[in-house]
Amino acid sequence: MAVLLLIDVQQNMLEPPKPVPDAAAVAPTIERLLAGARAQGAAVVHIRNNGTDDDPDVPGTPGWELVHPPRPDEEIVDKHEPDAFEGTRLAEILAEPTTVVVAGMQSEFCIRATSLAATHRGHRVQLVRGAHATYDDTVEELPARTISHEVEQELRAAGVELVDPAEVAFA
């Protein structure tokens with residue numbers, strides 16, 4: 001059975017005042033993935049970023065809250081680094097190699113780092129197209145969609161499977 005990893009699906013990324021540019025498209029896709037995982041009895045792990053100082057996701061603030069309240073049987077993993085395995089109990093939760101379905105925020109940081117780490121740990125990783133996003137890069141003048149697409153290509157080259165939402169099967 002596959003495990004759904006929802007990475008940083010937090011208020012500060014998907015809700016005003018500063019949601020990712022593709023929030024309106026990504027949020028319902030993530031919601032459908034979560035509903036599918038729950039309906040099929042798959043394990044769900046909510047990864048929550050713990051920002052510092054002036055970050056919009058400082059623990060205890062509205063931006064830090066998860067968009068989808070976890071059910072009692074779903075894990076919450078709090079992290080401080082882009083790689084959700086680093087300094088957390090995620091490796092214990094995913095002790096045996098399994099299929100990991102990845103969705104969430106930010107493509108070039110936490111999605112990339114956690115997907116690569118899971119691959120290196122022997123997991124089969126499926127990154128769901130349209131279920132991850134990021135912000136525009138104003139320094140490099142790259143739109144968010146371009147960044148997410150480039151991350152998909154990099155991860156595919158590293159062995160991550162890219163799947164459309166309709167292709168995801170948790171059973």
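Residues numbered from 1 in each chain as written. Predicted model: local features only at pLDDT ≥ 70, side-chain atom pairs only at ≥ 80, totals over all residues. Heavy atoms only, no water.

Colleague: Could you clarify how one ought to interpret the pattern of salt bridges in this entry?
Modeller: Two side chains of opposite charge can pair, provided their charged atoms sit close to one another. Applying the stated criterion across every chain yields a total of eight salt bridges. Ionic pairing is found between Arg 112 and Glu 154, a salt bridge with its closest N-O pair at 2.7 Å. In this pair, Arg 112 sits in helix H4 (residues 107-120) while Glu 154 sits in helix H5 (residues 144-157), placing the two residues 42 residues apart along the sequence. Note on Glu 154: relative accessible area 34%, which makes it partly exposed. Measuring nitrogen to oxygen at the nearest pair gives 3.3 Å for the salt bridge that ties Arg 129 to Asp 164. Separated by 35 residues along the polypeptide, Arg 129 in strand S5 (residues 124-133) and Asp 164 in the segment after strand S6 (161-163) bring together distant segments of the chain. For Arg 129, a relative accessible area of 32% translates into the label partly exposed. (Salt bridge = Lys/Arg side-chain N within 4 Å of Asp/Glu carboxyl O. Helix = DSSP H or I, 4+ residues; strand = E, 2+ residues; numbered from the N terminus. Buried < 20%, exposed > 50% of the residue type's maximum accessible area, 1.4 Å probe, protein only.)

Colleague: Looking at this structure, how should I read the pairing of strand S2 (residues 43-49)?
Modeller: Regular strands place their side chains on alternate faces of the sheet. Burial of S2 is extensive: six of the seven residues sit out of reach of the surface. Relative to S2, strand S1 (residues 3-7) runs parallel, the two sharing five bridges. Bridge pairing links Val 3 to Ala 43 in S2. Sheet topology places S2 next to strand S3 (residues 75-79); five bridges connect them, and they run parallel. Its bridge partner being in S3, Asn 49 is matched across the sheet by Lys 79. (Pairing = 2+ DSSP bridges.)

Colleague: It is not clear to me how the sheet that holds S6 should be interpreted in this structure. Could you clarify?
Modeller: For sheets, the rule is that strands pair by backbone hydrogen bonds, running either parallel or antiparallel. An order of S3-S2-S1-S4-S5-S6 is seen for the six strands of this open sheet, with the pairing classed as parallel. Two strands in the sheet have a free side with no partner beyond their single neighbour: S3 and S6. Shown here is a sheet whose adjacent strand axes are inclined to one another by a mean of 25°, direction ignored. Each of S5 and S6 touches H5; the most contacted strand, S5, lies at about 175° to it. (Axes fitted to C-alpha atoms, helices over the stretch in contact; angles between N-to-C directions. Contact = heavy atoms within 4.5 Å.)

Colleague: Looking at this structure, I do not really get the pairing of S1. What am I missing?
Modeller: Most of S1 is tucked away, with five of its five residues classed as buried. Residues of S1 alternate between two faces, with Val 3, Leu 5 and Ile 7 on one and Leu 4 and Leu 6 on the opposite face, all of them buried. Where S1 lies against strand S4 (residues 99-105), five bridges are found, and the strand directions are parallel. Following the sheet pairing, Leu 4 is matched in S4 by Val 101.

Colleague: Would you take a moment to explain H4 for this structure?
Modeller: Since one α-helical turn is 3.6 residues long, residues separated by three or four positions face the same way. With 14 residues, H4 extends 18 Å from end C-alpha to end C-alpha; this agrees with the ideal 20 Å at 1.5 Å per step. Those residues of H4 that sit buried are Ser 107, Cys 110, Ile 111, Ala 113, Thr 114, Ser 115, Leu 116, Ala 117 and Ala 118. In this structure, the buried side of H4 is in contact with S1, S3, S4, S5 and H5. Positive phi appears at Gly 122, one or two residues downstream of H4, with a value of about 95°. (Expected span 1.5 Å × (residues − 1).)

Colleague: Just checking my understanding: could you explain unusual backbone geometry for this structure?
Modeller: Most peptide bonds take the trans form, and the phi angle of most residues other than glycine is negative. Residues Pro 16 and Pro 17 are joined by a peptide bond in cis, for which omega reads 20°. Along the polypeptide, Pro 17 turns up in the loop between helix H1 (11-14) and helix H2 (23-39). Its identity as a non-glycine residue notwithstanding, Asp 8 has a phi of 55°, on the positive side. Its location among the elements puts Asp 8 in the loop between S1 and H1. Backbone geometry places Glu 141, a non-glycine residue, at a positive phi of 55°. Mapped onto the fold, Glu 141 is located in the loop between S5 and H5.

Colleague: I would appreciate a short explanation of the environment of His 132 in the present structure.
Modeller: You can see His 132 is positioned in strand S5. Assessed through its relative accessible area of 5%, His 132 is described here as buried. Each C-alpha atom, one on His 132 and one on Ala 103, is 5.2 Å from the other, the two residues being 29 residues apart in sequence. When sequence neighbours within four positions are dropped, the list of residues in contact with His 132 reads Val 26, Gly 104, Ser 107, Ile 111, Leu 127, Ser 148 and Glu 152.

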